[in-house]
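Residue strings, one per chain:
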Amino acid sequence: MLLIGPILLAVALAVSPLWARDMLPRCEYANPQSEPADSAAFDSAAEAQFVSLINQERASTGIPPVTIDQRLTTAARKHCELMALHSEVVHQLPGEPPPVTRIANEKLAFSGSSENVGSTNRGVPVAHNGFMHSPPHRATILDPSYNAVGVGVLRVGDMIYITEDFAHMLPEYSDTQAEAAAEAAIAQYAKTHGIAAPTPRVTPELRQIACNMGMRDKLDGQDARELPRVRGVLLWTADDPAKLPKGVFQVLSRQVSQYALGACFAPSVSHPGGVYWLVMVSY
């Protein structure tokens, strides 16, 4: 789910009236199509400081820390550049994709994301304090579902443009590994419940069927039902293929002797960050 709160400038007035938009120094980019000025530079130390402050806040409330993912950092930095070029602090600039698409474009597998943006000449601690005094920004920083972050800080003179991109990263498997993870989970379930584990079969067509579902953004088992000798078909999506849906347990309870799996990780309109599409057939 994409959460977009008000920009930091809009909520920081209660903290420091000098942050008002008409009081901010104008940046050097008069032409939005021009390249950044030589004086603009990413501040990696400030980026690290923001991450440290974020994790201090999370630790103080018993929430696990977020780890830095370079792809999120890249997405955040690209947005900082555009904000500086346009002298504007917003989540989406003209011609720019929305935050969830920008993150997906960095080839990150994720199931949820959120973004904080801001600009100030008051330094990192004051900017972070401004975020924490804004309920939407605070909620993003303290959201326990997020496990990764990327912070971009672009310094232009004494100004800094800030983007914090948070995401819930998914386990990253190849399609073969995803199928193996699901098969291992099936075997473990059978062992735990004292039932005979069905024998997995290799059915190459199933992976393409799974990928086709992703392209269509729809669970559709018609092609799987038309395969020779198939008795039953189960379809699902998963953030983690090692976590099985209840339907699999129902299939196993029928003492199925053989089954085959196909898995494919693919983004779609419903899952812009990608999801594992899975199809299981029983024989």
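Residues numbered from 1 in each chain as written. Predicted model: local features only at pLDDT ≥ 70, side-chain atom pairs only at ≥ 80, totals over all residues. Heavy atoms only, no water.

Trainee: Account for the overall build of the protein chain, naming residues and giving values.
Mentor: A count of helices and strands for the protein chain gives ten helices and ten strands. For the protein chain, the accessible surface area stands at approximately 13400 Å², while carbon and sulfur atoms represent 54% of it. (Helix = DSSP H or I, 4+ residues; strand = E, 2+ residues; numbered from the N terminus. Areas by Shrake-Rupley, 256 points an atom, 1.4 Å probe, with all protein chains shown as cover.)

Trainee: Could you give an account of the pattern of salt bridges, naming the residues involved and the relevant values?
Mentor: Under the criterion given, the structure shown has nine salt bridges. Across the pair glutamate 172 and arginine 71 runs a salt bridge whose closest N-O atoms are separated by 3.0 Å. A residue pair is termed long-range when its members are at least 10 positions apart, and glutamate 172 in the loop between strand E6 (159–169) and helix H7 (175–192) and arginine 71 in helix H3 (residues 70–86) qualify at 101 residues. What makes glutamate 172 partly exposed here is its relative accessible area of 46%. For arginine 71, a relative accessible area of 24% corresponds to the partly exposed category. A salt bridge links lysine 78 to glutamate 106; the shortest N-O distance between them is 2.8 Å. Of this pair, lysine 78 sits in helix H3 while glutamate 106 sits in the loop between helix H4 (99–104) and strand E4 (110–120); the two residues are 28 residues apart in sequence, bridging distant segments of the chain. Look at lysine 78 and you get partly exposed, because its relative accessible area is 45%. Looking at glutamate 106, the relative accessible area reads 16%, which means it is buried. (Salt bridge = Lys/Arg side-chain N within 4 Å of Asp/Glu carboxyl O. Buried < 20%, exposed > 50% of the residue type's maximum accessible area, 1.4 Å probe, protein only.)

Trainee: If you had to explain the side chain of aspartate 69 to someone new, which residues and values would you point to?
Mentor: Note that aspartate 69 resides in the loop between strand E3 (67–68) and H3. Note on aspartate 69: relative accessible area 10%, which makes it buried. For aspartate 69, the side chain forms a polar contact with the main-chain nitrogen of arginine 71, separated by 2.9 Å. Look past the residues within four positions of aspartate 69 in its chain and what remains in contact with it is Leu108, Ala148, Val149, Gly150 and Met169. (Polar contact = N/O pair within 3.5 Å; in protein donor to acceptor, adjacent residues only side chain to side chain. Contact = heavy atoms within 4.5 Å.)

Trainee: I'd like a description of the layout of surface pockets, backed by residues and values.
Mentor: Taken as a whole, the largest pocket encloses approximately 210 Å³ of empty space. What lines the largest pocket is a set of 14 residues, among which Ala104, Lys107, Leu108, Phe265 and Pro267 lie closest to the centre. Its residues assigned to classes, the lining of the largest pocket shows eight nonpolar, three polar and three charged. (1 Å grid on protein atoms, 1.4 Å probe; cavity = no way out; pocket = protein on both sides within 12 Å on 5 of 7 lines; lining within 4 Å. Points joined across faces, edges and corners; volume = space filled by probe spheres on them. Nonpolar A, V, L, I, M, F, W, Y, C, P; charged D, E, K, R; others polar.)

Trainee: Break down helix H2 (residues 44–60) for me, with residues and values.
Mentor: Helix length check: H2, at 17 residues, gives a terminal C-alpha distance of 24 Å against a target of 24 Å (1.5 Å per residue), a fit within 8%. Within the sequence span of H2, burial applies to Ala46, Glu47, Phe50, Val51, Leu53, Ile54, Asn55 and Arg58. The N-capping residue of H2, defined by a side-chain oxygen 3.2 Å from the backbone nitrogen of alanine 45, is aspartate 43. (Expected span 1.5 Å × (residues − 1).)

Trainee: Hey, could you go over the packing of aromatic side chains for me, with residue numbers and the actual values?
Mentor: Scanning all chains against the criterion turns up four aromatic pairs. Consider the rings of tyrosine 146 and phenylalanine 166, whose centres lie 6.1 Å apart with planes at 40°: the pair is tilted. In this pair, tyrosine 146 is assigned in the loop between helix H6 (135–141) and strand E5 (148–156) and phenylalanine 166 in strand E6, connecting sequence segments 20 residues apart. One aromatic cluster in this structure is built from Tyr173, Phe265 and Tyr276. The residue whose ring lies beneath arginine 201 is tyrosine 283, and the NZ or CZ to ring-centre distance is 3.8 Å. (Phe/Tyr/Trp six-rings, centres within 6.5 Å; stacked < 30°, edge-to-face > 60°. Lys NZ or Arg CZ within 6 Å of the ring centre and 35° of its normal.)

Trainee: Please provide a residue-by-residue account of unusual backbone geometry, values included.
Mentor: Even without being glycine, serine 87 reaches a positive phi, approximately 55°. Examined against the element boundaries, serine 87 turns out to sit in the loop between H3 and H4. The class for serine 87 is buried, based on a relative accessible area of 17%. If you check the backbone angles, arginine 229 has positive phi at about 65° while not being a glycine. Within the fold, arginine 229 resides in the loop between helix H9 (222–225) and strand E8 (232–238).

Trainee: Lay out the environment of glycine 273 in plain terms, naming residues and giving numbers.
Mentor: Mapped onto the elements, glycine 273 comes out in the loop between strand E9 (258–266) and strand E10 (275–282). The buried category is assigned to glycine 273, whose relative accessible area is 7%. For the pair glycine 273 and histidine 168, spaced 105 residues apart in sequence, the C-alpha to C-alpha distance is 9.7 Å. In contact with glycine 273, not counting residues within four places along its chain, are Leu108, Ala109, Phe110 and Phe265.

Trainee: Report on the nonpolar core, specifying residues and quantitative values.
Mentor: Phe50, Ile54, Ile141, Val149 and Val151 are the most contacted members of the largest nonpolar core, which totals 20 residues. If you list the elements that add at least two residues to this core, you get H2, helix H5 (124–132), E5 and E6. In terms of residue count, the dominant contributor to this core is H2 (five residues). Dropping the residues within four chain positions of it, valine 149 is found in contact with Val51, Ile54, Val66, Thr67, Ile68, Asp69, Leu72, Asp165 and Phe166. Ala178, Ala182, Leu234 and Leu261 belong to the second largest nonpolar core, which has 19 residues in total. (Core = buried A, V, L, I, M, F, W, Y, C linked by side-chain atoms within 4.5 Å.)

Honestly, that's just the spatial picture; any functional story needs more than this.
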